[in-house]
Amino acid sequence: MSKGKSGAPEQLTDRLFATERNPEDFRFDASVARVFPDMIRRSVPGYTTIIPMIEVITEQYVQPASHCYDLGCSLGASTLAMRHGIPHRDCTLVGVDNSSAMIERCEHYIALDDHELPVTLRCEDILETELSRASVTTLNFTLQFVPPEQRLALLTRIAKATLPGGVLILSEKIRFESETEQDIQTRLHHEFKRANGYSDLEISQKRAAIEKVLIPETLAAHRDRLIQAGFDQVLVWYQCFNFVSILALKNR
Ligand SMILES: Nc1ncnc2c1ncn2[C@@H]1O[C@H](C[S@+](CC[C@H]([NH3+])C(=O)[O-])CC(=O)[O-])[C@@H](O)[C@H]1O
Ligand SMILES: O=C(O)C(=O)Cc1ccccc1
């Protein structure tokens, strides 16, 4: 892995979809991992606001002697935000991702972050990862990549592992019941990408690549399923166009 002057893995500009390419489903491989910070910042409206707020929310809900999980941690942006929000030295923080390219680079970013709370990284499927005594769990734009029929089982496991007073931070791309709203919000998202330097070709090729792997659901579907999974309260704390972040709380 090539490193820059700071010792951090070299980050490149996302040009993955800039030239005409064969249609292939999107995967979190090494070429995506290399450009990921640039890709997610330029593609997800609100991402740069949500990350620092994960620190604020973590600080509010973390409990002493509990476990915190970042499921689908990628390069650890949300993991580091959680780390900075945890004041207790007896907590554990676990980041999980099933992309070895992501985890390998994530290790470097964690090592460069000067902080005493250890972070455990697991390269495994979040559908299998062991969870217990959780105060704060984060799914920051990860559930959308889990096959819809497996989402309830995962959320139920998270809710069961969550302590009274604990939370799940769930950020997702959503779709809208109303066709008109779906069209307007999608157009605004594409305008956001254009304003960030993506061409029409990049936008349309990326759209085709993620179509079968990133499955957005409506806010109502997310709310109902979180309650069914065992959470007691569900609220939206952030929305920009078709991207939302939800807080699901467990009272008892
Ligand atoms: N079943 C799975 N098991 C483990 N990991 C998975 C699974 N499915 C997908 N992933 C992983 O979930 C991550 C989603 S990105 C998260 C951003 C990060 N949270 C951030 O705040 O920067 C969001 C995005 O790219 O839009 C990828 O690294 C996948 O490998
Ligand atoms: O780029 C898009 O259109 C998205 O919906 C967000 C995204 C960000 C990073 C990987 C896959 C999808």
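All values reported here derive from a predicted model rather than from experimental measurement.

Conventions we followed
Residues numbered from 1 in each chain as written. Chains lettered and ligands numbered in written order. Predicted model: local features only at pLDDT ≥ 70, side-chain atom pairs only at ≥ 80, totals over all residues. Heavy atoms only, no water. UniProt positions renumbered as here; feature names shortened; annotations may be inferred. Helix = DSSP H or I, 4+ residues; strand = E, 2+ residues; numbered from the N terminus. Near = heavy atom within 4 Å. Polar contact = N/O pair within 3.5 Å; in protein donor to acceptor, adjacent residues only side chain to side chain. Areas by Shrake-Rupley, 256 points an atom, 1.4 Å probe, with all protein chains shown as cover. Nonpolar A, V, L, I, M, F, W, Y, C, P; charged D, E, K, R; others polar.

**Student:** Can you help me understand the UniProt feature "domain: Methyltransferase" (unreviewed entry) in the chain in this one?
**Tutor:** Within this structure's numbering, the places UniProt gives as "domain: Methyltransferase" (unreviewed entry) are residues 70-166. Secondary structure content for residues 70-166 is 37% helix and 24% strand, and the end C-alpha separation is 14 Å.

**Student:** Can you help me understand the site of ligand 2 in this one?
**Tutor:** As a matter of local geometry, ligand 2 sits amid Phe26, Met39, Ser43, Val44, Phe145, Lys173, His189, Lys193, Lys206, Ile210, Leu214 and Phe243. The side chain of Lys193 places a nitrogen or oxygen atom 2.7 Å from an oxygen atom of ligand 2. Protein burial of ligand 2: of its 320 Å² of free accessible surface, 96% is covered by the chains. Among the elements of the structure, helix 1 (30-43), helix 6 (179-195) and helix 7 (200-210) are those that each provide at least two residues to the shell around ligand 2. When the residues that make up the shell around ligand 2 are grouped by side-chain class, the tally is 7 nonpolar, 2 polar and 3 charged.

**Student:** Hey, could you run me through the site of ligand 1 in this one?
**Tutor:** Near ligand 1 lie 22 residues; those nearest to it are Tyr47, Gly72, Ser74, Asp97 and Asn140. In the model, an oxygen atom of ligand 1 is placed 2.7 Å from a nitrogen or oxygen of the Ser74 side chain. Between Asp125 and ligand 1, the recorded distance is 3.0 Å, taken from a side-chain N or O atom to a nitrogen atom. Residue assignment for the shell around ligand 1 shows that the elements contributing at least two residues are helix 1, helix 2 (47-61) and helix 3 (77-85). Classifying every residue of the shell around ligand 1 by side-chain character gives 11 nonpolar, 8 polar and 3 charged.

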